[in-house]
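# Observations on the three-dimensional arrangement
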Amino acid sequence: MKLKYLFLLILFQLFITSANAENKIYYLDMNFIINNSDAGKEILKKIDEFKNKSMGDLKKKEELIKRKQNEFNSQKNILSQDEIKTRITNIEDEVQKFNSERKNLINEYEIKKKKDIEELMKKISPLLEEYMDQNSIDFILNQSSVLISKSKYNLNEKIINLLNEKLN
């Protein structure tokens with residue numbers, strides 16, 4: 001009697017193990033996909049252009065403030081005390097305004113980057129779901145969550161090709 005139960009238990013365990021073995025689990029690196037897909041490259045290019053334009057404007061303003069400071073330092077000995085105080089106040093105000101503007105541009109850049117990448121992710125998600133359905137995949141994990149795996153479970157190139165085909 002005990003032998004029958006043991007046999008049934010082993011048989012039941014084998015069925016559970018084989019059922020679990022049929023799960024298809026793959027992984028991909030979303031950063032790699034964003035950096036290497038055509039749509040991702042286009043978004044990153046736009047974000048970079050925005051950053052470069054903003055930084056160029058800030059550089060010009062910073063150089064103007066430095067010129068005013070240098071001009072003030074060279075004239076400091078010949079100016080009256082009231083004029084010195086006025087110029088110092090003006091330069092300090094410009095520096096505060098510049099720092100505030102720089103902080104706002106950095107925040108604006110981060111918000112724009114986050115928003116654009118989220119929009120791309122909204123476009124990628126349905127394509128991933130469709131790919132999962134077509135290929136009977138149960139799970140797709142982020143590569144950073146995978147400790148070690150065979151490279152045949154890496155979907156990066158397949159998904160990049162799918163994105164380049166569908167999003168262009």
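Structural data are supplied above this passage.
Here is a short report on the structure shown in this document.

Rules behind the numbers
Residues numbered from 1 in each chain as written. Predicted model: local features only at pLDDT ≥ 70, side-chain atom pairs only at ≥ 80, totals over all residues. Heavy atoms only, no water. Helix = DSSP H or I, 4+ residues; strand = E, 2+ residues; numbered from the N terminus. Buried < 20%, exposed > 50% of the residue type's maximum accessible area, 1.4 Å probe, protein only. Contact = heavy atoms within 4.5 Å. Areas by Shrake-Rupley, 256 points an atom, 1.4 Å probe, with all protein chains shown as cover. Patch = residues over 30% accessible without salt bridge, like charges linked within 9 Å, V, L, I, M, F, W, Y side chains within 5 Å. Salt bridge = Lys/Arg side-chain N within 4 Å of Asp/Glu carboxyl O. Expected span 1.5 Å × (residues − 1). Core = buried A, V, L, I, M, F, W, Y, C linked by side-chain atoms within 4.5 Å. Phe/Tyr/Trp six-rings, centres within 6.5 Å; stacked < 30°, edge-to-face > 60°. Lys NZ or Arg CZ within 6 Å of the ring centre and 35° of its normal. Axes fitted to C-alpha atoms, helices over the stretch in contact; angles between N-to-C directions. Parallel < 35°, antiparallel > 145°, perpendicular 65-115°, else oblique. Nonpolar A, V, L, I, M, F, W, Y, C, P; charged D, E, K, R; others polar. Left-handed = near helix turned anticlockwise from the far one by under 90°.

### Describing the overall build of the chain
Secondary structure assignment for the chain yields 5 helices and 2 strands. Evaluated residue by residue, the chain yields a buried proportion of 21% over its 168 residues. Within the chain, contacts between residues separated by at least 24 positions form 80% of all contacts whose residues are at least 6 apart in sequence. Per element, the accessible surface of the chain, about 13000 Å² overall, is 54% carbon and sulfur.

### A short note on a nonpolar patch on the surface
A cluster of nonpolar side chains, namely I25, F139 and L141, defines an oily patch on the protein surface of about 250 Å² accessible area. Looking at the secondary structure, you find F139 in strand β2 (residues 139–142).

### So, helix α3 (residues 38–75)
Compared with an ideal rise of 1.5 Å per residue, which puts 38 residues at 56 Å, α3 spans 55 Å between its outermost C-alpha atoms and is within 8% of the ideal. Among the residues of α3, those classed as buried are A39, G40, I43, I47, F50, S54, L58, I65 and F72. In this structure, the buried residues of α3 make contact with α2 (30–36), α4 (81–134) and α5 (156–166).

### Let's talk about the pattern of salt bridges
Enumeration over the complete set of coordinates arrives at 8 salt bridges. The partner of E42 in a salt bridge is K46, and the shortest N-O contact between them spans 3.6 Å. Residue E42 and its partner K46 are both found in helix α3; the two are separated by 4 residues, about one turn of the helix. K112 is paired through a salt bridge with D116; the nearest N and O atoms lie 3.4 Å apart. Taken together, the positions of K112 and D116, both in helix α4 and 4 residues apart, correspond to about one turn of that helix.

### Re the nonpolar core
With 21 residues, the main nonpolar core has L28, I33, I124, L155 and I159 as its most contacted residues. Every element with two or more residues in this core is listed here: β1 (25–28), α2, α3, α4 and α5.

### Quick notes on the packing of aromatic side chains
Taken as a whole, this structure holds 1 aromatic pair when the rule is applied. One residue, K112, lies across the ring of F50, its end atom 5.9 Å from the ring centre.

### Regarding the packing of α3 against α4
Across the interface, α3 lies against α4 with an axial gap of 11 Å and an inter-helix angle of 175°. In terms of orientation, α3 and α4 fall into the roughly antiparallel class. In terms of residue class, the contact of α3 with α4 is built from 15 nonpolar, 4 polar and 13 charged.

### Overview of the environment of K24
Here K24 lies in the loop between α1 (2–21) and β1. Linking K24 and I137, residues 113 residues apart in sequence, is a C-alpha distance of 5.0 Å. Ignoring sequence-local partners within four residues, the contact set of K24 consists of N135, S136, I137, D138 and F139.

### So, unusual backbone geometry
Positioned with a positive phi, S136 is a non-glycine residue whose angle comes to about 50°. Position of S136 among the secondary structure elements: in the loop between α4 and β2. On the basis of relative accessibility, which here comes to 48%, the residue S136 falls in the partly exposed class.

### Topic: the packing of α4 against α5
Contact geometry of α4 with α5 gives a least axis separation of 11 Å together with a crossing angle of 120°. Taken together, the axes of α4 and α5 lie oblique to each other. The chirality of how α4 crosses α5 is right-handed. From α4, I124, L127, L128, E130 and Y131 reach across to α5, where they touch K158, I159, L162, L163 and K166. Class assignment for the residues of the contact of α4 with α5 results in 7 nonpolar, no polar and 3 charged.

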